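Structural overview for review
Below, each chain spelled out in residue letters.
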Amino acid sequence: MRRSHTITLQIERPYAVVYGFLADPRNFSQWAAVDEATFVPLEGGDWSAMTPGGLRHYRFTPPNEFGVLDHAQFVPGETPLFTPMRVVGNEGGTELMFTFFRRAGMSDAEFDSTIEWITTDFLTLKSVLEA
C-alpha cells in the first residue's frame, strides 16, 4: 500500500456554497498553487496550468449530489492518479476531507513537502470561502 495522509478542514460556510465553488474548475486557481493566467480548459474536459513544479494537467470529477470532488494533477502524457476529496455538511458549515497518496519514486521529504503545500492551498481555500 502507498503511504497516505488525509487533511481535514472545517469551513464556516454552508455545504451548497462550498460544494458549488469547488465543483467549478474555473475557481481552482483562486486557491490552488497554479498560475491563474495559464489555467485553461483543454479539449475533452481536462485543464492545463503552470505550477511551481512545471506544466500540469488537471482532471476533475463531474458535479454530483454526493459531495465527491476527486481530481487528478498529472504531467501531460502520464496516467492520472485521482486524489479523493469530499465535502459534507456539518450543521451550517462544511467538512472537507482530502487524501494524498505518495507517488511512485517520491522520497519521504518530497511527500512531507507536498503535504505542507497542499495544506497551504486548503488554508487559502478556507480564507477565500470565509471572506
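Here's a quick rundown of the structure. (Residues numbered from 1 in each chain as written. Predicted model: local features only at pLDDT ≥ 70, side-chain atom pairs only at ≥ 80, totals over all residues. Heavy atoms only, no water.)

What to know about the overall build of the chain
In terms of regular secondary structure, the chain is built from two helices and seven strands. Along the chain direction, N to C, the helices and strands of the chain fall in the order β-α-β-β-β-β-β-β-α. For the chain, whose C-alpha radius of gyration is 14 Å, the value lies close to the compact-globule estimate of 14 Å for 131 residues. For the C-alpha atoms alone, the extent of the chain along its principal axes is close to 40 × 35 × 25 Å. Sequence-distant contacts, at least 24 apart, represent 46% of the contacts inside the chain between residues at least 6 apart. When the accessible surface of the chain is totalled, it reaches about 7,400 Å², and 54% of it is carbon and sulfur. Distance from the positive charge centre (10 side chains) to the negative charge centre (17 side chains) of the chain: 4 Å. (Helix = DSSP H or I, 4+ residues; strand = E, 2+ residues; numbered from the N terminus. Rg over C-alpha atoms; globule rule 2.2 N^0.38 Å. Contact = heavy atoms within 4.5 Å. Areas by Shrake-Rupley, 256 points an atom, 1.4 Å probe, with all protein chains shown as cover. Lys, Arg positive; Asp, Glu negative; His and termini not counted. Charge placed at Lys NZ, Arg CZ, Asp CG, Glu CD.)

Regarding empty space enclosed by the protein
Taken as a whole and judged by the stated rule, the model has one cavity of 30 Å³ or more. Taken as a whole, the largest cavity spans an internal volume of roughly 80 Å³. The wall of the largest cavity is formed by L22, A23, F28, W31, F60, T61, L69, D70, H71 and M85. Residues of the lining of the largest cavity, tallied by class, amount to seven nonpolar, two polar and one charged. (1 Å grid on protein atoms, 1.4 Å probe; cavity = no way out; pocket = protein on both sides within 12 Å on 5 of 7 lines; lining within 4 Å. Points joined across faces, edges and corners; volume = space filled by probe spheres on them. Nonpolar A, V, L, I, M, F, W, Y, C, P; charged D, E, K, R; others polar.)

Remarks on the sheet that holds strand β6 (residues 85-90)
Taken in spatial order, the three strands of this open sheet run β1-β7-β6, and their pairing is antiparallel. Strand pairing shows two members of the sheet lacking a second neighbour, β1 (4-11) and β6, which therefore form its edges. Averaged over all neighbouring strand pairs, the angle between strand axes comes to 20 degrees, with direction disregarded. When β1 meets strand β7 (residues 93-101), the two strands line up antiparallel, connected through eight bridges. Bridge pairing links T6 to T99 in β7. Helix-sheet contacts for helix α1 (residues 15-22) involve β1, β6 and β7, and the interaxial angle to β6 is about 160 degrees. (Pairing = 2+ DSSP bridges. Axes fitted to C-alpha atoms, helices over the stretch in contact; angles between N-to-C directions.)

Digging into the packing of aromatic side chains
The tally for this structure, following the rule as stated, stands at 11 aromatic pairs. Cluster of aromatic residues (ring-pair linked, three or more members): F28, W31, F39, W47, Y58, F60, F98 and F122. (Phe/Tyr/Trp six-rings, centres within 6.5 Å; stacked < 30°, edge-to-face > 60°.)

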